[in-house]
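So you can see what is in the structure, the chains are spelled out below.
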Amino acid sequence: MMRMRSSFQDLGVLGGCVFAASLIVSAPALANGGDFFEELSASWGQNNSDDGVPYFGFVRDSKGKMIPNASIMATTPSGSSFVVQGDHMGRYRIPGFSKSVDAKRVQITCSKSGYKLVARDRRLLRGAPNGPIETNCILAPDVNKPAA
C-alpha cells in the first residue's frame, strides 16, 4: 500500500512538471500578443492591389518589458509620414503606403515622453517579398527629459 501511494505522488509531480513546461513553451506567443499575429497574417492577403508592404512591431524597454501607448512614425524617402499609437501591450501596425514606395527604405521611429530611442531591430519575412516588415523599438528612460 505504501508503494502505491508513492507512485501516485510521483505522477502528481510529473503531471505538474508537464503542465508547467507547456506554460513555459506557450509563454512567448502569449507575451507577444498571441491573436495579434493571427489578425496580422489574416490581413496580409486582404491588401488592396495598390497597398504597399505593411509594418508591425513592438515597443519595449531594454529589459524586454512592453512600453504601452508609444508613438510610432513611418517616414518614406520622399518625406511623407504616417503616425500611429501603440496599444496597451506595446504593439503597433502600420498599413503599407503604396507599391510605388520602396518598403525597405521606409524609416520607423518610436517615441514616448520621458524616453529616448536606443535601438531598432528590423526583420523581413523570408520567402515573402511583399510580406510585412517587423520593426521593434527599444526605448530607455531619458534622464534629461522626465516623463510628464
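Look up a bit, the structure's there.
J.: Let's hear about the pairing of strand E2 (residues 71-75): which residues, and what values?
T.: The two faces of E2 differ: Ile-72 and Ala-74 on one face are buried, but Ser-71, Met-73 and Thr-75 on the other face are not. The pairing of E2 with strand E3 (residues 81-85) spans five bridges and is classified as antiparallel. Counted as the bridge partner of Ser-71 is Gln-85 from E3. In textbook terms, the turn of a hairpin is the stretch between consecutive antiparallel strands, and for E2 and E3 this stretch comprises five residues, one of which, Gly-79, has a positive phi near 105°.

J.: Before we move on, could you go through the sheet that holds strand E7 (residues 133-141) and cite the residues and values that matter?
T.: One open sheet accounts for four strands, arranged E4-E1-E7-E6; its pairing is mixed. Pairing within the sheet leaves two strands with one partner each, and these edge strands are strand E4 (91-94) and strand E6 (115-124). This sheet shows a mean twist of 20° between the axes of neighbouring strands, independent of strand direction. Bridge analysis of E6 against E7 gives nine bridges, and the strand direction is antiparallel. Counted as the bridge partner of Arg-122 is Thr-135 from E7.

J.: Describe the state of the cysteines, and please don't skip the residues or the numbers.
T.: A complete count under the given rule lists one disulfide for this structure. Covalent S-S linkage joins Cys-110 and Cys-137, the inter-sulfur distance amounting to 2.0 Å. Across the S-S bond of Cys-110 and Cys-137 the torsion is about 55°, and the bridge reads as right-handed. Of this pair, Cys-110 sits in strand E5 (residues 107-111) while Cys-137 sits in strand E7, placing them 27 residues apart in sequence. Taking the relative accessible area as the measure of exposure, Cys-110 reaches 5% and is therefore buried. Of the residues examined, Cys-137 reaches a relative accessible area of 1% and is grouped as buried.

J.: Give a detailed account of the side chain of Arg-91, specifying residues and quantitative values.
T.: Topologically, Arg-91 is positioned in strand E4. Exposure remark for Arg-91: the relative accessible area of 14% places this residue in the buried category.

J.: Can you break down the environment of Gln-85 residue by residue, with the values?
T.: Position of Gln-85 relative to the elements: it lies in strand E3. The spacing of Gln-85 and Lys-112 is 27 residues in sequence and 9.9 Å in space, taken between C-alpha atoms. Among the polar contacts made by the side chain of Gln-85, one reaches the main-chain carbonyl oxygen of Asn-69 at a distance of 3.5 Å.

Reading guide: rules and limits
- Residues numbered from 1 in each chain as written.
- Predicted model: local features only at pLDDT ≥ 70, side-chain atom pairs only at ≥ 80, totals over all residues.
- Heavy atoms only, no water.
- Buried < 20%, exposed > 50% of the residue type's maximum accessible area, 1.4 Å probe, protein only.
- Helix = DSSP H or I, 4+ residues; strand = E, 2+ residues; numbered from the N terminus.
- Pairing = 2+ DSSP bridges.
- Axes fitted to C-alpha atoms, helices over the stretch in contact; angles between N-to-C directions.
- Disulfide = S-S within 2.5 Å.
- Polar contact = N/O pair within 3.5 Å; in protein donor to acceptor, adjacent residues only side chain to side chain.

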